[in-house]
Amino acid sequence: MDIFLEALPALGQAWAMILQPTVLAYLALGVMMGLCIGVFPGLGGIAGLSLLLPFMFGMDPILGLALMIGLVAVVPTSDTFASVLMGIPGSSASQATVLDGFPMAKNGEGARALSAAFTSSLFGGLVGALFLTVFILVARPVVLLFKSPELLMVSFFGLSMVGILAGRIPLKGVIAAGIGILIGCIGEGPFNGELRMSSYDLPYLTDGLKLVIVGLGIFAIPEIVSLLRQDKAISNSQSLGGGWIDGVKDWWANKWLSARCSIIGVVVGVIPGLGGSVVDWIAYGHAVQTTKDKSNFGKGEVRGVIGPESSNNAKEGGGLVPTLLFGIPGSGSMAIFIGALALLGNGIDVGPSLLENNLDFTYSIVWLLALANVIGTVMCIAMSGTIAKLTTIRFALLAPFIFMIISFAAFQSGQNLMDLVALFAIGFLGILMRRFDWSRPAFLIGFVLSTPVENYSNNATQIAGIRFRDGMDAGLSYVFSPIVIVLIIITLVSVVVGLRQAKHILAEGEVPSGGKRAPVMFLLALLAFIVFALYNTASIPDYASTDRVFPVFVATICLIAAIIVLIQMMLAPETHTIFADRETSGEDANKFSLWPTLAWFAFLLVLTSLTGFIIALGVFLTSFLRIRAGLGWLQTGLYVVAGISFMIFMAWTLNRDFPPGLLQSYITLPWPLR
Amino acid sequence: MKLLPSISRKVAIALGVAVTTVMATPASADVDMTGKTVEWIIPFSETGGSAKWANFFAPLLHNALPGKPTVVVKFMPGAGSTKGANWFQKQTNGDGTVMFGSSGSTQFPYLLGDPRVRYEYKDWIPVMATGTGGVAYLNAEDGAKFDGTANMLKGKTYIYGNQGATRLDLIPALAWEMLGMDVEHVLGIKGRGDGRKMFESGEATIDYQTSSSYLKGSAALVEAGKAVPMMSWGSLSADGDVVRDPTFPDMPTFKEVCEATEGCEPSGDSWDAWKAFFVAGFPSQKLAFLPAGTPQDIVDTYVNAFAKIKAMPDFAEISEGRLGKYPMYVGDEAEAALATAITVPDSAKAFVVDWLKSDFGVELDK
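Residues numbered from 1 in each chain as written. Chains lettered and ligands numbered in written order. Predicted model: local features only at pLDDT ≥ 70, side-chain atom pairs only at ≥ 80, totals over all residues.

Quick notes on the overall build of chain B
- A tally of helices and strands in chain B yields 14 helices and 13 strands.
- Across chain B, every contact between residues at least 6 apart in sequence was considered, and the portion connecting residues at least 24 apart equals 80%. (Helix = DSSP H or I, 4+ residues; strand = E, 2+ residues; numbered from the N terminus. Contact = placed C-beta atoms within 7 Å.)

Some details on the overall build of chain A
- On a plain count of helices and strands, chain A comes out with 29 helices and two strands.
- Here chain A, with 674 residues, has 58% of them falling under the buried criterion. (Buried ≥ 20, exposed ≤ 12 C-beta atoms within 10 Å, placed from the backbone.)

Points about the sheet that holds strand E13 (residues 328-330) of chain B
Residue and element names in this part refer to chain B.
- Strand order in the open sheet formed by six strands is E2-E1-E3-E12-E4-E13, and the pairing between neighbours is mixed. Strand pairing shows two members of the sheet lacking a second neighbour, strand E2 (70-75) and E13, which therefore form its edges. On average, each strand axis in the sheet is tilted by 25 degrees relative to the strand beside it, whichever way the strands run.
- Inspection of the sheet shows strand E1 (residues 37-42) paired to E2 by six bridges, in the parallel sense. (Pairing = 2+ DSSP bridges. Axes fitted to C-alpha atoms, helices over the stretch in contact; angles between N-to-C directions.)

Focus: the environment of Met197 of chain A
All names here are of chain A.
- Tracing the chain through its elements places Met197 in the loop between strand E2 (195-196) and helix H10 (203-206).
- Overall, Met197 belongs to the partly exposed group, with 18 C-beta atoms counted inside 10 Å.
- Counting along the chain gives 337 residues from Met197 to Leu534, while the straight-line C-alpha distance between them is 9.4 Å.
- Once residues lying within four places of it in the same chain are set aside, the contact partners of Met197 are Cys185, Ile186, Ala533 and Asn536.

Let's talk about the packing of helix H11 (residues 211-230) of chain A against helix H21 (residues 440-470) of chain A
Residues and elements named next belong to chain A.
- Two elements in contact, H11 and H21, have axes separated by 10 Å at closest approach and are oriented at 175 degrees. Classified by the angle their axes make, H11 and H21 are roughly antiparallel. Along its contact with H11, which presents Leu211, Val214, Gly215, Ile218 and Phe219, the element H21 presents Arg440, Phe443, Leu444, Phe447 and Val448.
- Broken down by class, the residue content of the contact of H11 with H21 amounts to eight nonpolar, one polar and one charged. (Parallel < 35°, antiparallel > 145°, perpendicular 65-115°, else oblique. Nonpolar A, V, L, I, M, F, W, Y, C, P; charged D, E, K, R; others polar.)

Digging into the domain arrangement of chain B
Residues and elements named next belong to chain B.
- Here the domain parsing of chain B yields domain 1 (3-131 + 283-346) and domain 2 (134-280).
- Just the C-alpha atoms count here: the centres of domain 1 and domain 2 sit 27 Å apart.
- Across the boundary between the two partners, domain 1 contributes 31 residues, which contact 28 residues of domain 2.
- Going through the elements one at a time, helix H1 (3-24), helix H2 (49-64), helix H4 (104-111), helix H12 (315-323) and helix H13 (332-341) are the ones with two or more residues in the side of domain 1 that touches domain 2.
- The element that contributes the greatest number of residues to the side of domain 1 that touches domain 2 is H4, accounting for six residues.
- Of the residues contributing to the side of domain 1 that touches domain 2, the split by class is 15 nonpolar, twelve polar and four charged. (Domains from an automatic or database assignment.)

So, the nonpolar core
- Residues Ile69, Leu368 and Ile445 of chain A together with Phe277 of chain B are the most contacted members of the largest nonpolar core, which totals 317 residues.
- With near-sequence residues (within four places) excluded, Leu368 of chain A lies in contact with Ile18, Leu27, Leu65, Ala66 and Ile69 of chain A. (Core = buried A, V, L, I, M, F, W, Y, C linked by C-beta atoms within 7 Å.)

A short note on unusual backbone geometry
- The backbone of Met197 of chain A sits at a positive phi, close to 50 degrees, despite the residue not being glycine.
- In the Ramachandran plot, Lys68 of chain B falls in the positive-phi region, its phi being about 45 degrees despite a non-glycine side chain.
- Relative to the assigned elements, Lys68 of chain B resides in the loop between H2 and E2.

Looking at the packing of helix H20 (residues 417-435) of chain A against helix H26 (residues 594-611) of chain A
All names here are of chain A.
- Interaxial distance between H20 and H26 falls to 10 Å at its minimum, and their mutual angle equals 165 degrees. In this view, H20 runs roughly antiparallel relative to H26, as classed from their interaxial angle. As H20 packs across H26, the resulting crossing turns out to be left-handed. Here Leu417, Leu420, Val421 and Phe424 of H20 come into contact with H26, specifically with Phe601, Leu605, Thr608 and Ser609. (Left-handed = near helix turned anticlockwise from the far one by under 90°.)

Here's what the structure looks like:
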């Protein structure tokens, strides 16, 4: 009890520190900067934080802190714009929001979806802060209870969400997740550094693929292409029915769901090593399981927006625990946050001693985060009506600019032209998965959890082996701790319930069937990749066997599942759901066919590799707007100039470069063209 | 070990030269870096000693470089730092916007001829180096049995979160083995910060941290009675002996503990190998490099900037709390430090290669 009595004065001091006009002003400034970056998908807070770093040294600690926290806190709120309005996951925190938010925007309810999302975010952030205020005092021992077996089970629990999102054919969901895991294994192995599915001749792959690229590729590109082919606006109705008040009402009607998901967010966020990258999926799964009428999920169910959005801001608060108490950052932005704290140079360093020596400081961080949420949410709601109007614009006018931004964002992850190639390749996979109704969420969950599952399973088996040598009891108590047992039960229940319900949850809408040839071809292509992955990783020599076990195991499961599906396909009639193919009819009865649309993007890619990004962009935008969108020269000129100046301005403020091409290796050009 | 005194003499001469160079070089010769962004690549995660080291120097460097360029520390962890180093080897832009921070864990695979090493230290241009030390510690229960010797620590299995057999972690691994302790290594840990969390949660029962991480993280565990320091690796005296680390003057060195422990001798093949790798890995552990082919004026700019940092009146004081009491080398001294770091007698290398094969199953060419 003493600890709580000591906490009260610290809490008071923290509030005294925060509630100064200058501190609040810096916080608001940070929030505004974060908003400017956060609304653009894929850039996230990391770029913004790196921008702030050099100014941190010697700054008044509390002001520097306010600026930084403002910037970090608003990103999971503002990235909702892209998720809902364009179907582009703005960051890993809002992947699940896409599933129902985007259909809402398509139904002309963009503003309603946004304000429901923002209200949930705000609420989640506040619940998170409240929970943390008490929890942080006792968090240390709780976090220490999570050893490798527990962390592994949490990862498995995350993976079990695949069950709900698998779609109508569960095995296809399993394969999709497995392929996500295998793609996550590409690069140098984590234990012995053996190369997996890559070679030193192709150095880009040895680093593995980044989440930004996989996320944008698998969700954004297929949506952009599909909308372009239909050649209309995102929203089906011109009037944006359902204004922001409706969204707030929606939230109020689902406040308990929101509260539960907020708690899920904080708790999962607290667990170090997972970085909360699966929180939104778990919350989405929870929202689905607790909804009686599941038929609307994937078609614009507001609960599918409220769930994940309540959790993702709460997660940021939870993520502070491992960051501050153990110095283990939960995410990329938290990592930079740690670095910046050190720069503030007031002797405060994250780690075990922070709570004892600087509790007031810790509380300032927690509540600055909550306050930043409030400011950010209010700003976002204020903007949402206007920004939602984007969904009524003809998509052919929007698409080239969206593509410009995600290309730029993708390039920032590795500063390599190959980033764009990877984006394009994953995008193509995404298009095909969407077409043949293979669960893209399952794929993404697999990709995100690939590394944690592999690491924790390796650590857990190794340590368990040593414990078992000490004695059966020591081993069993390590492997089957109470937390592990509870998690196993939850996971099993979730899988069983999920599979039973999966048939009704069409996370990506209904897909008609017809024709055997194309779906079988796609399966064979996937099978070829699986066999390649299996062969490639199985040939890792014995001395590096730890790098081999996991991908071989996953590839084997995938192989078996794929063969079963193949057999089913041979037996089933061509009207069976297993042959789902969007091209046969329905919404994708398109004005334009796939290949010419894709060729536009390939055109930008090839041109970039020749002339560098900015020149290529100029040519791409001009020809696209002239030919595909059919604009006059004057309008085209205006749009192109606006787009390119915007791009240059962004890169200039963030201190970033553009991909250079062949031209640049012969001629030296001034900066934006360089 | 006659090599060492000559190196310290070289360092002394180099120091003289460096000081004269700094004094003689007019500031106008420095390249103005206004508006540039310097990316300082650290091939580890954000939680380890290298991160603290770079985060400490980055703002100072920002202030010391002409034109105050933005200095960003960029983390590129993977394959125990060979990933980042391989990446740096391919960098050729000689405009001073990319810098690399290597650590003992980058040096060791290079020295041992690890097949994944695609980098060549001799290509790179060292501009600054600092040394560090390390401390090994035990959990409270086993720590109670520690009496300055490892005699009572035998006959029990310890668990250690290891970043990789060929990494800097081979120093504690070999030391514990020489003391006759039975330590099991859980491989594939991402950084020593994760190792410390494993220790705190009780999954690992023995741990080691470099000095700065020990001061910031583990010392609090010792105060709380959750950990007991066992030994420091020591530091190197002018005539090449292992002596007590000035940062931890009250802590026995591994050499002392070994002398006092039955069956452990600070002489012979294993000791020579341990010492050779310790010398390569700790006293000149962390180096900052510019890529191969960087023009001399840019190299000078960096050397001068680091010299300026070193000459700050309060530098010793602020660095002591963050990094511990270790020397910092600039310019030619850094080159001498690099020479120490990448020179290991063939006999020591052969011993370690054999030992890694028998204990870890790691196949390396001798």
